[in-house]
Amino acid sequence: AEQLQDYRLSPSILDIGCGCGYGTAYLAEHVPDSRVQGVDISADAISHARKHFGAAAEFGLMGCIPLGKLFDVIVCLEVLEHQQNDAAFVRWLANHLRSGGIMLISVPNQNATPCEKGLNPFHFRHYTPESLEFVLAGAFLQVTKWFRQIGSEPGTCDVVSGRDGLAIVVVVQPGWKRYDNPVG
């Protein structure tokens, strides 16, 4: 929410993978005059979100976003690693980002928490800063700010400037930069 305070008046915000809705409601409460929509693939999570946070934000199942609907801000926290085709998913996100808009994305850092087969069956991959940048560039998105998550115990996590922590957190805007594939 702090990254969005100076963004613009009345931003429309999409929270992809909103889960039970706590973070979506937090955005709605802390970004003045925002219009926030949270989506998730879990009907149970959306039901919980509507019940507990429906007054703060709008909630719906993934797929409820009509083609052509644009947002000023897209928040995608710890979702990209769950996508089998991450490049297609990032392109879908980019297609819903208003010109001049921003995305906030966080992913597990492969350098800090390697994605080992079977360790988390719901993760297809983790990212290095270079591999994340490569996937984003495929959708003509450019990282404008780098942050990293430090601390892993409840109450000790913090997000600070930098590229290498437990999670990589980036602010992304439409742009173009050519990257060579860091994985092959």
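None of the values given here were measured: they were computed from a predicted structure. (Residues numbered from 1 in each chain as written. Predicted model: local features only at pLDDT ≥ 70, side-chain atom pairs only at ≥ 80, totals over all residues. Heavy atoms only, no water.)

## Points about the sheet that holds strand β1 (residues 12-16)
Under the convention used in this document: We treat two strands as partners when DSSP finds at least two bridges between them. Comment: elements are numbered from the N terminus, with helices defined as DSSP H or I runs of at least four residues and strands as E runs of at least two. To obtain an axis, a line is fitted to C-alpha atoms, over the contacting stretch when the element is a helix, and the angle between two such axes runs from 0 to 180 degrees between their N-to-C directions. It only takes one pair of heavy atoms within 4.5 Å for two residues to be counted as in contact.
Read across the open sheet, the 8 strands follow the order β3-β2-β1-β4-β5-β8-β6-β7; overall the sheet is mixed. Two strands bound the open sheet, and with one partner strand each, they are β3 (58-61) and β7 (158-161). Recorded for the sheet is a direction-independent mean angle of 20 degrees between the axes of neighbouring strands. Both strand β6 (residues 141-150) and β7 contribute to a ladder of 4 bridges, which runs antiparallel. Counted as the bridge partner of F147 is S161 from β7. Of the strands in this sheet, β5 (97-108), β6 and β8 (167-174) are in contact with helix α4 (residues 129-137), which crosses β6 at around 150 degrees.

## Topic: the nonpolar core
Counted only if it meets this: Working definition of a nonpolar core: buried Ala, Val, Leu, Ile, Met, Phe, Trp, Tyr and Cys residues. They are joined through side-chain atoms within 4.5 Å. To sort residues, take the accessible area from a 1.4 Å probe on protein chains only and compare it with the maximum for the residue type: under 20% means buried, over 50% means exposed, and anything in between is partly exposed.
Residues M103, L136, L141 and V170 are the most contacted members of the largest nonpolar core, which totals 28 residues. Aside from chain neighbours lying at most four places away, what touches M103 is I74, L93, A94, L97, L141, V170, V171 and V172. Core analysis: the second largest hydrophobic core is formed by 17 residues, I46, V73, L104 and V169 among them.

## Topic: the confidence of the model for the chain
Inclusion rule: Confidence of the prediction at every residue is given by pLDDT, a number between 0 and 100.
Looking at the chain, the pLDDT average stands at 88 and 88% of residues meet or exceed 70. Averaged over each element, pLDDT in the chain is lowest for β7 (86) and highest for helix α2 (residues 43-53) (97).

## Some thoughts on unusual backbone geometry
The phi dihedral of E78 is positive, around 55 degrees, even though this residue is not glycine. With respect to the helices and strands, the residue E78 is situated in the loop between β4 (71-77) and α3 (86-95). Of the residues examined, E78 reaches a relative accessible area of 31% and is grouped as partly exposed. Of note, F140 is a non-glycine position whose phi angle comes to about 60 degrees, a positive value. Tracing the backbone through its elements, the reader meets F140 in the loop between α4 and β6.

## Points about the pattern of salt bridges
Pairing between side chains of opposite charge can happen when the charged atoms of each approach one another. As a reminder, the rule being used: Between Lys or Arg on one side and Asp or Glu on the other, a salt bridge is scored when a side-chain nitrogen of the former is within 4 Å of a carboxyl oxygen of the latter.
Per the stated rule, a full pass over the model turns up 3 salt bridges. The salt bridge involving R98 is made with D72; its shortest N-O contact spans 2.9 Å. You can see R98 sitting in strand β5 and its partner D72 sitting in strand β4, a full 26 residues away along the chain. According to the relative accessible area criterion, R98 is partly exposed, its value standing at 32%. Judged by relative accessible area, which is 2%, D72 ranks as buried. The partner of E130 in a salt bridge is R163, with the nearest N and O atoms 3.8 Å apart. One end of the pair, E130, is in helix α4; the other, R163, is in the loop between β7 and β8, with 33 residues separating them in the sequence. The exposure class assigned to R163 is partly exposed, which follows from its relative accessible area of 33%.

## Remarks on the packing of aromatic side chains
So the rule is basically this: Two rings from Phe, Tyr or Trp (for Trp, the six-membered ring) form a pair when their centres sit within 6.5 Å of each other. Planes less than 30 degrees apart are called stacked, planes more than 60 degrees apart edge-to-face, and all others tilted. In this scheme, Lys NZ or Arg CZ marks a charge over a ring once it lies within 6 Å of the ring centre and within 35 degrees of the ring normal.
Tallying each qualifying case throughout the model produces 2 aromatic pairs. Ring centres 6.3 Å apart and planes at 15 degrees place the aromatic pair F89 and W92 in the stacked group. Here the residue F89 and the residue W92 both occupy positions in helix α3, the gap between them amounting to 3 residues, near one helical turn. By relative accessible area, which is 26% here, W92 ends up partly exposed. Seen from the ring of W146, R163 lies directly overhead, with NZ or CZ sitting 4.0 Å from the centre.

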